[in-house]
2 protein chains.
Amino acid sequence: MKISTKGRYALRLMLDLAMSDSSRPTHIKEISARQDISVKYLEQIIAILNKAGFVRSTRGPQGGYSLRWDPEEYTVGMILRLTEGSLAPVACVEDGGICPRDEQCVTVEVWKRLNDAINGVVDHITLADLIHWQEEKNQNLDYII
Amino acid sequence: MKISTKGRYALRLMLDLAMSDSSRPTHIKEISARQDISVKYLEQIIAILNKAGFVRSTRGPQGGYSLRWDPEEYTVGMILRLTEGSLAPVACVEDGGICPRDEQCVTVEVWKRLNDAINGVVDHITLADLIHWQEEKNQNLDYII
DNA sequence: TCTTTTTCATACCGATTCAATAGGAATATG
DNA sequence: CATATTCCTATTGAATCGGTATGAAAAAGA
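Keep in mind it's a predicted model, so treat the numbers as computed, not measured.

Draft legend 1. Looking closely at the protein's contact with DNA strand D. In the region of DNA strand D, 23 residues are neighbours, and A:Gln44, A:Arg59, B:Ser57, B:Arg59 and B:Tyr65 sit closest. Taking all atoms of DNA strand D within 4 Å of the protein, the share assigned to sugar and phosphate is 66%. With respect to DNA strand D, the side chain of A:Ser38 contributes an N or O atom lying 3.0 Å from a phosphate oxygen. In the model, a phosphate oxygen of DNA strand D is placed 2.6 Å from a nitrogen or oxygen of the B:Tyr65 side chain. Only α1 (5-19) and α3 (39-51) of chain A together with α3 (39-51), β1 (55-58) and β2 (64-67) of chain B provide two or more residues apiece to the surface near DNA strand D. The biggest single contributor to the surface near DNA strand D is α3(B), with 4 residues. Here the residues of the surface near DNA strand D are counted per class, giving 6 nonpolar, 12 polar and 5 charged.

Below, the structure written as structure tokens:
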């Protein structure tokens, strides 16, 4: 019942992009340094985001990646589902999931509620929210220091 | 981000026990037949529940298992956490979990909310609720047939 | 045109977890 | 003593996790 590194790193990666200077593409090396994740692993993860059209890529020197849309258009759910696959806690409450025990089984009600609770969280937080939280956190840090 | 068979089977197992004739111990074979889970796998799962004192066991012929407490005293969370381990979506929001990036990291807020949402569901459903739902479902089935 | 910097694609790998199965020991009943 | 049950531990095949490694392709600049 864990979110894997792929999903977690993808979220940090997208937030990093969202908070980067949007006037030029950000290259993987920078993100790798800031987020302390290997370049090679980041490449794999961003490839998924790129194929899905979540980011725009530019090759060659001065190349890199940038967000395709505004931060408020990305929900955490979109990013996690893309990289993690379904977030449903069991297969039988997935879209198109079928269970042979459906008629008798009542534990499925638990899974449905769990699924709704999970979706309720991830589908209502956007990258814009994360940016906002990050800015608040940075301010507090400045204040302390 | 899935609940494994261990947790799912444990829940069905406990519900099965809760709905069984409590005047005598229920043996694994019966549960295996009703739930369509192998005897050997069930043995392993119930061993966990037994060690934790969730069920009482009696050996020998006419032996078997029975619930130790009333159904309303078992939450789904207790059963799942025992068999699955922590339900926290990432290690850093677990009890005693520490993260070196805590100061800077803002995605942790996502995980906290997710964690709260998950706990909010599983800690507020008891075996008694499941029994109730099952009885309702059975009634509806009878009605249709 | 050559070098450099970047993305892009794919293969590989060790460790761990999952989902069981298997074999047999211990214990109680009758 | 035979039988029915729980109890204990080992094994296994497959999948997943969390990356590394290698190198091709493309673009920019000298």
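Now, onward.
Draft legend 2. Region of the structure containing the interface of chain B and chain A. Every contact between the two is made by 41 residues of chain B and, on the other side, 41 residues of chain A. Between chain B and chain A lies a buried interface of about 3600 Å² when both sides are counted; carbon and sulfur atoms form 69% of it. By the criterion of area lost to chain A, the three top residues of chain B are B:Met1, B:Lys2 and B:Val106, representing 20% of everything that side buries. At the boundary of chain B with chain A, the tally comes to 2 salt bridges. A salt bridge links B:Lys2 to A:Glu94; its shortest N-O distance comes to 2.9 Å. At the boundary of chain B with chain A, the tally comes to 16 residue pairs in polar contact (both at pLDDT 80 or more). When contributions to the side of chain B that touches chain A are tallied by element, the ones reaching two or more residues are α1 (5-19), α2 (28-35), α4 (76-84), α5 (108-122) and α6 (127-144) of chain B. In terms of residue count, the dominant contributor to the side of chain B that touches chain A is α5(B) (9 residues).

Draft legend 3. Structural view of helix α4 (residues 76-84) of chain A. Of the residues making up α4(A), those classed as buried are A:Val76, A:Gly77, A:Ile79, A:Leu80 and A:Thr83. Projected down its long axis, α4(A) carries its buried residues within an arc of 165°, all on one side. Residues of α4(A) that are buried sit in contact with α1, α3, α5 (107-122) and α6 (127-144) of chain A together with α5 of chain B. Positive phi shows up at A:Gly85, right after α4(A), with a value of about 85°.

Draft legend 4. Representation of the protein's contact with DNA strand C in the model. Near DNA strand C you find 23 residues, and of these A:Ser57, A:Tyr65, B:Lys40, B:Gln44 and B:Arg59 are the closest. For DNA strand C, the fraction of atoms within 4 Å of the protein that belong to sugar or phosphate moieties is 61%. Within the backbone of A:Ile28, a nitrogen or oxygen atom sits 3.0 Å from a phosphate oxygen of DNA strand C. Between a base nitrogen of DNA strand C and a side-chain N or O atom of A:Glu43, the distance comes to 3.0 Å. For the surface near DNA strand C, the secondary structure elements donating two or more residues are α3, β1 (55-58) and β2 (64-67) of chain A together with α1 and α3 of chain B. Top element by residues in the surface near DNA strand C is α3(A). It accounts for 4 residues.

Draft legend 5. Structural context of the packing of aromatic side chains. Taken as a whole and assessed by the stated rule, the structure comprises 8 aromatic pairs over all chains. Each residue in the set A:Phe54, A:Trp69 and A:Tyr74 is aromatic and connected to the rest through ring pairs, giving one cluster.

Draft legend 6. Just the relation of the copies chain B and chain A, in detail. In screw terms, the move from chain B to chain A is a rotation of 180° and a rise of 0.0 Å along the axis, fitting with an RMSD of 0.0 Å. Here the transformation between the copies is reduced to the relation of a two-fold axis. Among all residues of chain B, the minimum C-alpha distance to the rotation axis is found for B:Met1, at 2.2 Å. Taken as a fraction of all interface residues of chain B, those also at the interface in chain A reach 100%, which identifies the copy contact as same-surface.

Draft legend 7. Just the packing of α1(B) against α6(B), in detail. Residue and element names in this part refer to chain B. For the pair α1 and α6, the least separation of the axes is 10 Å and the interaxial angle reads 75°. Here α1 is positioned roughly perpendicular relative to α6, judged by the angle of their axes. Counting all contacts with α1, which are made through Leu11, Met14, Leu15, Ala18 and Met19, the residues of α6 involved are Leu127, Leu130, Ile131, Gln134 and Glu135. Taken together, the residues of the contact of α1 with α6 sort by class into 8 nonpolar, 1 polar and 1 charged.

Draft legend 8. Up close: the pairing of β1(B). By the bridge criterion, 4 bridges tie β1(B) to β2(B) in an arrangement that is antiparallel. Considered in β2(B), the bridge of B:Val55 is made with B:Leu67.

Draft legend 9. Focus on the environment of A:Ser57. Residue and element names in this part refer to chain A. Its location among the elements puts serine 57 in strand β1. Spatially, the C-alpha atom of serine 57 lies 17 Å from that of tyrosine 41, the residues being 16 residues apart in sequence. Residues in contact with serine 57, not counting those within four places in the same chain, are Asn50, Gly64 and Tyr65. There is a polar contact of 3.5 Å between the side chain of serine 57 and the side chain of asparagine 50.

What counts and what doesn't
- Residues numbered from 1 in each chain as written.
- Chains lettered and ligands numbered in written order.
- Predicted model: local features only at pLDDT ≥ 70, side-chain atom pairs only at ≥ 80, totals over all residues.
- Heavy atoms only, no water.
- Near = heavy atom within 4 Å.
- Polar contact = N/O pair within 3.5 Å; in protein donor to acceptor, adjacent residues only side chain to side chain.
- Helix = DSSP H or I, 4+ residues; strand = E, 2+ residues; numbered from the N terminus.
- Nonpolar A, V, L, I, M, F, W, Y, C, P; charged D, E, K, R; others polar.
- Contact = heavy atoms within 4.5 Å.
- Buried area = accessible area lost by both parts, 1.4 Å probe.
- Salt bridge = Lys/Arg side-chain N within 4 Å of Asp/Glu carboxyl O.
- Buried < 20%, exposed > 50% of the residue type's maximum accessible area, 1.4 Å probe, protein only.
- Arc of directions from axis to C-beta.
- Phe/Tyr/Trp six-rings, centres within 6.5 Å; stacked < 30°, edge-to-face > 60°.
- Least-squares fit on C-alpha atoms with pLDDT ≥ 70 in both.
- Axes fitted to C-alpha atoms, helices over the stretch in contact; angles between N-to-C directions.
- Parallel < 35°, antiparallel > 145°, perpendicular 65-115°, else oblique.
- Pairing = 2+ DSSP bridges.

Nothing here speaks to function; it is all geometry.
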